[in-house]
Amino acid sequence: GITEASKIQILYHIWNYIKLNNLQDKDNNSIINNNRYFHKIFKTERMEINSLPNRIMDFIRPIDFIEKTVNLEVDLSKNVN
């Protein structure tokens, strides 16, 4: 249900999902045993945890930034003490 999040926030939520669903391999905790949902998303049955940041990049698109110009006027004729 999240539509906007930073890469760190996305990884945090994925990690929580992995923990809640016991997807971490019992013999090698750096491996994720994908359930049917992760398998459908990542197209693999197992993956290394450290591959997650690269794997999620296919699903992340940058947000459009709004550029705003601000005019700042400084009166240099006044004494500043």
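This text goes with the structure placed above it.
Everything quoted here is computed from the prediction, not taken from an experiment.

**Regarding the overall build of the protein chain**
Okay, so step 1: Along its length, the protein chain carries three helices and two strands.
Okay, so step 2: Listing every helix and strand of the protein chain by position from the N terminus yields α-β-α-β-α.
Okay, so step 3: With respect to the three principal axes, the spread of C-alpha positions in the protein chain is 70 × 30 × 20 Å.
Okay, so step 4: By the burial criterion, 19% of the 81 residues in the protein chain qualify as buried.
Okay, so step 5: Taking the average place of the 11 positive charges on the side chains of the protein chain and the average place of its 10 negative ones, the gap between the two points comes to 9 Å.

**Thoughts on a nonpolar patch on the surface**
Okay, so step 1: A cluster of nonpolar side chains, contributed by Leu72, Val74 and Leu76, occupies part of the molecular surface with about 400 Å² of accessible area.
Okay, so step 2: With respect to the helices and strands, the residue Val74 is situated in the segment after α3 (52-56).

**Here we look at the packing of aromatic side chains**
Okay, so step 1: Under the criterion given, the structure shown has three aromatic pairs.
Okay, so step 2: Geometrically, the ring pair formed by Phe38 and Phe42 is edge-to-face, given 5.4 Å between the ring centres and 85 degrees between the ring planes. Remark: Phe42 and Phe38 occur in helix α2 (residues 36-42); sequence separation between them is four residues, near one turn of the helix.
Okay, so step 3: Its relative accessible area of 10% is what places Phe42 among the buried residues.
Okay, so step 4: Ring centres 6.2 Å apart and planes at 85 degrees place the aromatic pair Phe42 and Phe59 in the edge-to-face group. With Phe42 in helix α2 and Phe59 in the segment after α3, the pair connects residues that are 17 residues apart, well separated along the chain.
Okay, so step 5: Clustering of aromatic rings is evident, with ring pairs tying together Tyr17, Phe38, Phe42 and Phe59.

**A short note on the nonpolar core**
Okay, so step 1: Within the largest apolar cluster, nine residues are counted, these being Ile14, Ile18, Leu23, Ile32, Phe38, Phe42, Met47, Leu52 and Ile56.
Okay, so step 2: Of all elements in the fold, only α1 (7-20), α2 and α3 reach the threshold of two or more residues within this core.
Okay, so step 3: Filtering out sequence-adjacent residues up to four positions away, Ile18 remains in contact with Leu23, Gln24, Ile32, Phe38 and Leu52.

**Points about the environment of Thr3**
Okay, so step 1: Looking at the element boundaries, Thr3 is found in the segment before α1.
Okay, so step 2: When its relative accessible area of 80% is taken as the criterion, Thr3 is described as exposed.

Cut-offs applied
- Here, residues in each chain are numbered from 1, in the same order as that chain's written sequence.
- For a predicted model such as this one, the threshold for reporting local features is a pLDDT of at least 70, and the threshold for listing and counting side-chain atom pairs is 80 or more; totals across whole chains, interfaces and linings nevertheless cover every residue.
- Side-chain metrics rest on all non-hydrogen atoms present in the structure, leaving aside hydrogens and water.
- Numbered from the N terminus, helices here are DSSP runs of H or I no shorter than four residues, and strands are runs of E no shorter than two.
- Burial classification: accessible surface area is computed with a 1.4 Å probe over protein chains only, and a residue below 20% of its type maximum counts as buried, one above 50% as exposed, and the rest as partly exposed.
- His is not counted here, nor are the chain ends, while Lys and Arg score as positive and Asp and Glu score as negative.
- Where a charge sits is defined by one atom per residue type, namely NZ (Lys), CZ (Arg), CG (Asp) or CD (Glu).
- Candidates for patches are residues over 30% relative accessible area with no salt bridge; among them, like charges are joined within 9 Å and nonpolar side chains (Val, Leu, Ile, Met, Phe, Trp, Tyr) within 5 Å.
- Every accessible area reported is derived by Shrake-Rupley at a probe size of 1.4 Å, with residue values counting cover from the shown protein chains alone.
- Salt bridge, as applied in this entry: a Lys or Arg side-chain nitrogen positioned within 4 Å of an Asp or Glu carboxyl oxygen.
- Aromatic pairs are defined between Phe, Tyr and Trp rings, using the six-membered ring for Trp, whenever the two ring centres lie within 6.5 Å; interplanar angles under 30 degrees are classed as stacked, those over 60 as edge-to-face, and all others as tilted.
- As used here, the term nonpolar core means buried Ala, Val, Leu, Ile, Met, Phe, Trp, Tyr and Cys residues forming a set that is joined through side-chain atoms within 4.5 Å.
- In what follows, a contact means two residues having at least one pair of non-hydrogen atoms within 4.5 Å.

Function cannot be inferred from these measures alone, as they are strictly geometric.
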